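# Fold and geometry: a report
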Amino acid sequence: MLTQRPRGTADLLPGEVESWRRLEDTFREVCRTYHYQEIRTPIFEHTELFARGVGETTDIVEKEMYTFEDHGERSLTLRPEGTAGVVRAFVENKLYGNPDLTKLFYIGPMFRYEKPQKGRWRQFHQYGVEVLGSEAPDVDAEVIALGATFLERLGLGRVQLEMNSVGCAECRPRHREAMVAALRPVADRLCADCQSRLERNPLRIFDCKNESCQALLREVNAPTVLDCLCDACAEHFDAVKRLLQETGVSYTVNPRLVRGLDYYTRTAWEFIVPGYSTVAGGGRYNGLVAEVGGPETPGVGFAGGLERALLVLQEQGIHPAQKSALAVYIAVADDTAATTAARLLQQVREAGISADRDYQNKGLKAQFKAADRLGARFVLVLGENEVAAGTVSVKDLTTGEQVAVAQDQLVSYLSTRV
Ligand code: HAM
């Protein structure tokens, strides 16, 4: 146990971390161009925030939360997603007092007690955005375009956008009634979970992983929310689609798309790469701010899993970044050169050039081998003769060329070459 990480978690080793950072940097860069600002919220929150925000009848709240009591007997939960925390921060810090739209992005770890499998972790990382303060379909389209731009910039290829509208407080009760009317006569053929969903939240039945429930939905021709939209929601959805067409973002409408969180109203969408689990998903949530105690404020956002994006890239043979290479390796030929080596190493590093040396008393030949292994561009050799002459011997490993450079010229010599 001591040498085993908890199931569903991962160590990101040097070599992998670089690819992660490339993804994070790309996301930050895309957010900058769309004018979103970064927010960082706590890793744990009061359990009630997620129970109320994400929804009591969701798998996340019913089965997947890492909930614990602290020493003050408060129930806390490791965040299973980012939206609820951002909305809580928006309310608590009164960001709604801002006359402009609040456009935020975040990157960070999330926690869900799920069955670990390919692309599904218990600790995973999301990148996401949330926009608070506008009902305009233009904002839905902007958030979707931001996601599409990011995924395209990563080179993910073959990304499909599926969209739906899940309606509002006016259309949902109508849909609920129609669902219950269609399914109640055959309720005994639904799985136990869906029988309970039929009473509590029938929309969730569309999300059931059980093929027999899906077949039954088809058999009874279960109504989708799209069939029951009120005029305002239908108009909003049409406007989002029109805006996407105009900005060149292609999509398909999937009337059976249901997200795993209960806060959505109107637009809901997922980015899918065929053959993989959903790469990213999001939607509008016009009731969430009020639900957590703030003033009525519409919101819309999306989030994606960094692990999933990387998995798709890796399986396409794309490695977003290599381990960072070393510019300079200082090989110390004998003990008399040790202090000079320490001084030069410091000077080179202070000039912003990456540099390293041997600390294990390796022989000169082994030091050259190490430099090669580390991908160093230059090896600097320092021995008795160089110390006496005030020089250093600089070997360029890419050309094999070796020259003597005065120690006080070393930094300028290297600066023009690395
Ligand atoms: P979600 O669909 O639950 O939405 O998660 C978003 C993305 O996080 C998924 O599409 C997937 O890429 C990744 N993800 C989820 N669970 C796991 C897991 N166990 N392992 C690896 N990756 C995972 C939300 O969380 C919403 N907060 C999105 C949102 C933001 N809606 C509005 N604003």
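Residues numbered from 1 in each chain as written. Predicted model: local features only at pLDDT ≥ 70, side-chain atom pairs only at ≥ 80, totals over all residues. Heavy atoms only, no water.

### Looking at the pattern of salt bridges
Throughout the structure, instances matching the rule amount to 29 salt bridges. In this structure, the salt-bridge partner of Asp59 is Lys63, at a minimum N-O distance of 3.6 Å. Of this pair, Asp59 and Lys63 both sit in helix 3 (residues 59–64), four residues apart, roughly one helical turn. The class of Asp59 is partly exposed, set by a relative accessible area of 31%. For the salt bridge of Arg120 with Glu114, the shortest nitrogen-to-oxygen distance reads 2.7 Å. Given a relative accessible area of 24%, Arg120 falls into the partly exposed group. You can call Glu114 buried: its relative accessible area is 14%. (Salt bridge = Lys/Arg side-chain N within 4 Å of Asp/Glu carboxyl O. Helix = DSSP H or I, 4+ residues; strand = E, 2+ residues; numbered from the N terminus. Buried < 20%, exposed > 50% of the residue type's maximum accessible area, 1.4 Å probe, protein only.)

### Quick word on the packing of aromatic side chains
Applying the stated criterion to the full structure yields 11 aromatic pairs. A centroid spacing of 5.6 Å and a plane angle of 65° characterise the contact between Tyr263 and Tyr285, whose relative ring orientation is edge-to-face. Remark: Tyr285 occurs in the loop between strand 10 (280–284) and helix 11 (288–291) and Tyr263 occurs in the loop between strand 8 (252–253) and strand 9 (267–272); sequence separation between them is 22 residues. Judged by relative accessible area, which is 7%, Tyr263 ranks as buried. Three or more aromatic residues joined by ring pairs form one cluster here, namely Phe27, Phe105, Tyr127, Phe150, Phe271 and Phe302. One cation-aromatic arrangement involves Arg122 over Tyr113; the distance from NZ or CZ to the ring centre is 4.0 Å. Here the basic side chain of Arg417 rests over the ring of Tyr413, its NZ or CZ set 3.7 Å away from the ring centre. (Phe/Tyr/Trp six-rings, centres within 6.5 Å; stacked < 30°, edge-to-face > 60°. Lys NZ or Arg CZ within 6 Å of the ring centre and 35° of its normal.)

### As for the site of the ligand
In the vicinity of the ligand, 28 residues are found, and the nearest of them are Glu81, Glu114, Trp121, Glu130 and Tyr264. One of the side-chain nitrogen or oxygen atoms of Glu130 is found 2.8 Å away from a nitrogen atom of the ligand. Between Tyr263 and the ligand, the recorded distance is 2.9 Å, taken from a side-chain N or O atom to a nitrogen atom. Breaking the shell around the ligand down by element, the ones donating at least two residues are strand 6 (123–132), strand 10 and strand 11 (299–305). The element contributing the most residues to the shell around the ligand is strand 11, with five residues. In terms of residue class, the shell around the ligand is built from 11 nonpolar, 10 polar and seven charged. (Near = heavy atom within 4 Å. Polar contact = N/O pair within 3.5 Å; in protein donor to acceptor, adjacent residues only side chain to side chain. Nonpolar A, V, L, I, M, F, W, Y, C, P; charged D, E, K, R; others polar.)

### Side note on helix 13 (residues 338–350)
For helix 13, with 13 residues, the first-to-last C-alpha span of 18 Å sits near the 18 Å given by 1.5 Å per residue. Here helix 13 has its buried residues at Thr340, Ala341, Leu344, Leu345 and Val348. Down the axis of helix 13, the sector holding all buried residues measures 135°, keeping them to one side. Facing away from the buried side of helix 13 by more than 90 degrees, the exposed set consists of Thr339 and Glu350. Where helix 13 is buried, its residues touch strand 12 (328–332), strand 13 (355–357), strand 14 (378–382), helix 15 (384–389), strand 15 (391–396) and helix 16 (410–415). (Expected span 1.5 Å × (residues − 1). Arc of directions from axis to C-beta. Contact = heavy atoms within 4.5 Å.)

### Section: the domain arrangement of the protein
When cut into domains, the protein gives domain 1 (17–171 + 229–315) and domain 2 (328–415). Relative placement of domain 1 and domain 2: their C-alpha centres are 50 Å apart. (Domains from an automatic or database assignment.)

### Some points on helix 6 (residues 171–183)
Taking 1.5 Å as the rise per residue, helix 6 with 13 residues should run 18 Å; its terminal C-alpha atoms sit 18 Å apart, in good agreement. For helix 6, the elements touching its buried residues are helix 7 (192–200), helix 8 (211–219), helix 9 (225–228) and helix 10 (231–246).

### Notes on the sheet that holds strand 16 (residues 402–406)
Strand order in the open sheet formed by five strands is 13-12-14-15-16, and the pairing between neighbours is mixed. Of all the strands in the sheet, the pair left with one neighbour each is strand 13 and strand 16. With direction set aside, neighbouring strand axes in the sheet form an average angle of 30°. Relative to strand 14, strand 12 runs parallel, the two being bridged by five bridges. Across the sheet, Ile330 pairs through a bridge with Leu380, a residue of strand 14. Helix-sheet contacts for helix 13 involve strand 12, strand 13, strand 14 and strand 15, and the interaxial angle to strand 13 is about 160°. The sheet strands contacting helix 14 (residues 364–373) are strand 12, strand 14 and strand 15, and the helix crosses strand 12 at an angle near 170°. (Pairing = 2+ DSSP bridges. Axes fitted to C-alpha atoms, helices over the stretch in contact; angles between N-to-C directions.)

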